[in-house]
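Fold and geometry: a report
Listed here are the chains, written in short residue letters.
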Amino acid sequence: MRLAEVEGKALLRRHGLAVPQSLLIAAGDDVPESAASWPGFLLKAQILEGGRGKRGLVRHFETAPEIRNARRLILANLEDADTPLLLEEAVPIAREIFVAVRVDGTRQRLEILIAPQGGENVEQSAKLVRVPVETTAPATPETIYAAIAKLFPAELAARLARYAARLPDIARREDLELLEINPLALTEGGNLIACDAKIVRDDSADFRHDPQEFPLSRALAERAMTPLERSARDLGFQLVETAGDVVLVTSGAGLAMMMMDLLADHGLHAASFMDNVRGAPDETMTERLQVARALAARPNVKAIVFQTVIASRSLAERIDALVSWITAAPLPTPLFVGLAAGHAATRKMSADEAIEKLRALGVAAFTDPVALVKAIAQAVGRA
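Residues numbered from 1 in each chain as written. Predicted model: local features only at pLDDT ≥ 70, side-chain atom pairs only at ≥ 80, totals over all residues. Heavy atoms only, no water.

**Describing the overall build of the chain**
- Tallying secondary structure elements over the chain gives 11 helices and 16 strands in all.
- Taken across its 383 residues, the chain has 47% of its residues classed as buried.
- For the chain, restricting intrachain contacts to residue pairs at least 6 apart in sequence, the fraction spanning at least 24 positions comes to 67%.
- Taken as a whole, the chain presents about 18,600 Å² of accessible surface, with 52% of it coming from carbon and sulfur.
- The chain carries 44 positive and 50 negative side-chain charges, and their two centres are separated by 3 Å. (Helix = DSSP H or I, 4+ residues; strand = E, 2+ residues; numbered from the N terminus. Buried < 20%, exposed > 50% of the residue type's maximum accessible area, 1.4 Å probe, protein only. Contact = heavy atoms within 4.5 Å. Areas by Shrake-Rupley, 256 points an atom, 1.4 Å probe, with all protein chains shown as cover. Lys, Arg positive; Asp, Glu negative; His and termini not counted. Charge placed at Lys NZ, Arg CZ, Asp CG, Glu CD.)

Dropping the structure here:
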């Protein structure tokens, strides 16, 4: 779950990190009297997508009456006129810095990121420093200081090292996948203030936290879902629709990401991402195929890919269910099937027998995912 800025900053404040004064206002509100004496103002649309500055959804103004023009400009770039707005005190910034802690999924550990400048696309900066945080040897201010000493004056490097060393503990306690502060402002008065925050909590850890926490973030996430994404959630799995040309039906994030990468390597783009959710039914294949048929009816979609990996469940039962779905109604686009089955799964039907059964219906099936994707690319290319 990605947190809206206002709730992300409330989390930071709870852990003792400084953030600007701010308050949430409705779309038609003026500057409240409690904020009228601020030296300057920022008005920010509270949405969960990034790139708000580029989209004109963050506006700076100097005097309270200017809020009306700032609000007008922001609302002109929003689809929903009821989007909440965050009114924030403008901080006198002497320097912008990037600092974050994230889950390094490849190495299964946390990683601290620090760059001497904030802003867009800072993750690609050649000066970005990465400090691993091992479970058995947590990062200390001393190790962080050694990594960033050449990027900052000594006194600032020491302060940043102490600041960054606090973030992994916050990430662990709050079950965060990402805690990014960009920019972390060094003010003209010498203070470090988190002026913006991108915070993502692991959905699988929801049971450890108050279900009523972060109501705005939850409401914004619900509002941003498409009808099919809501339908998938109600059916027991997670769906993310994307602007691709191949509907991808998988079970599990790892398999889905592998297939998305293979498709991209061959000039194709997945139109869907499917994953399991905590507490969902053990089997949602029929439901996933139901959603896939709806996605495949869209004009930009050129193929459906069903990729399954079975360890012990019956391959025969899965193929029978797939055949029933195929024959229930004409498919709007060609179907390609990839399968991998363990020994226990093939007691009633071998992988070769499954492939032959599908091919008898005119469906291309493969045990090699690379061969599968190459066949799709060739077929789409001919089309």
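Alright, that's what it looks like, and here's the rest.
**A few points about the environment of T136**
- Checked against the element boundaries, T136 lands in the loop between β7 (129-133) and α3 (141-148).
- Here T136 falls in the exposed class, since its relative accessible area comes to 77%.
- Separated by 40 residues in sequence, T136 and E96 have C-alpha atoms that sit 32 Å apart.

**Observations regarding the pairing of strand β15 (residues 335-341)**
- Burial of β15 is extensive: five of the seven residues sit out of reach of the surface.
- Here strand β14 (residues 303-310) runs beside β15; their pairing, made up of seven bridges, is parallel. Residue pairing for β15: F306 is matched across the bridge by V337.
- With helix α9 (residues 315-328) bridging β14 and its parallel neighbour β15, the resulting β-α-β unit is right-handed.
- As judged from the three bridges shared by β15 and strand β16 (residues 364-366), these two strands associate in the parallel manner. Bridged to F336 within β16 is A364.
- Since β15 and β16 lie parallel, the crossover through helix α10 (residues 351-359) that links them has a hand, and here it is right-handed. (Pairing = 2+ DSSP bridges. Right-handed = clockwise from strand over helix to strand, strands pointing away.)

**Details of the nonpolar core**
- Ranked by internal contacts, the top residues of the largest apolar core, which has 39 residues, are L12, I112, I144, Y163, L179 and I181.
- For this core, the element with the most residues is helix α4 (residues 154-174), which contributes 10 residues.
- Not counting residues up to four positions away in its chain, the partners in contact with I181 are L12, L17, I97, F98, V99, Y163, A194 and D196.
- Judged by nonpolar contacts, the second largest core, of 35 residues, contains V249, I304, W325 and M349. (Core = buried A, V, L, I, M, F, W, Y, C linked by side-chain atoms within 4.5 Å.)

**A look at the layout of surface pockets**
- Each pocket or cavity is described by its volume, and for the largest pocket that value is around 1,600 Å³.
- Lining the largest pocket we find 33 residues, and of these M1, R2, R201, D203 and Q238 sit closest to its centre.
- If you list the elements that add at least two residues to the lining of the largest pocket, you get β8 (176-187), β10 (197-201), α5 (215-224), α6 (227-235), β11 (237-241), α7 (253-265) and β13 (272-276).
- Sorting elements by how many residues they give to the lining of the largest pocket places α5 first, with five residues.
- Of the residues contributing to the lining of the largest pocket, the split by class is 15 nonpolar, four polar and 14 charged.
- Quantified by volume, the second largest pocket comes out at close to 830 Å³.
- In this structure, the second largest pocket is lined by 34 residues; those nearest its centre are R52, E120, N182, P183 and D196.
- Here the lining of the second largest pocket gets three residues from one element, more than from any other, and that element is β8.
- Considered class by class, the residues forming the lining of the second largest pocket number 13 nonpolar, eight polar and 13 charged. (1 Å grid on protein atoms, 1.4 Å probe; cavity = no way out; pocket = protein on both sides within 12 Å on 5 of 7 lines; lining within 4 Å. Points joined across faces, edges and corners; volume = space filled by probe spheres on them. Nonpolar A, V, L, I, M, F, W, Y, C, P; charged D, E, K, R; others polar.)

**Let's talk about the sheet that holds strand β3 (residues 58-61)**
- An order of β1-β4-β2-β3 is seen for the four strands of this open sheet, with the pairing classed as antiparallel. The strands lining the two open edges of the sheet, one partner per strand, are β1 (22-25) and β3. When the angles between neighbouring strand axes are averaged without regard to direction, this sheet yields 20 degrees.
- As paired elements, strand β2 (residues 41-45) and strand β4 (residues 85-89) share five bridges and run antiparallel to each other. Looking across to β4, one finds that F41 is bridged to E89. (Axes fitted to C-alpha atoms, helices over the stretch in contact; angles between N-to-C directions.)

**Things to note about the pattern of salt bridges**
- Counted under the stated rule, the structure contains 26 salt bridges.
- In this structure, D175 engages R208 in a salt bridge whose closest nitrogen and oxygen atoms are separated by 2.7 Å. You can see D175 sitting in the loop between α4 and β8 and its partner R208 sitting in the loop between β10 and α5, a full 33 residues away along the chain.
- Beyond isolated ion pairs, a larger network of salt bridges with shared partners links E5, K9, K44, R52, E88 and D196. (Salt bridge = Lys/Arg side-chain N within 4 Å of Asp/Glu carboxyl O.)

**Structural notes on the sheet that holds β15**
- Strand order in the open sheet made by the four strands is β12-β14-β15-β16, with parallel pairing throughout. What marks the edges here is a single partner per strand, and that holds for β12 (246-249) and β16. Between one strand axis and the next, the sheet turns through 15 degrees on average, direction left out of account.
- In terms of strand pairing, β12 meets β14 through four bridges, oriented parallel. Bridging across to β14, V247 finds its partner in I304.
- Against the sheet, helix α8 (residues 285-296) touches β12 and β14, its axis set at about 175 degrees to β12.

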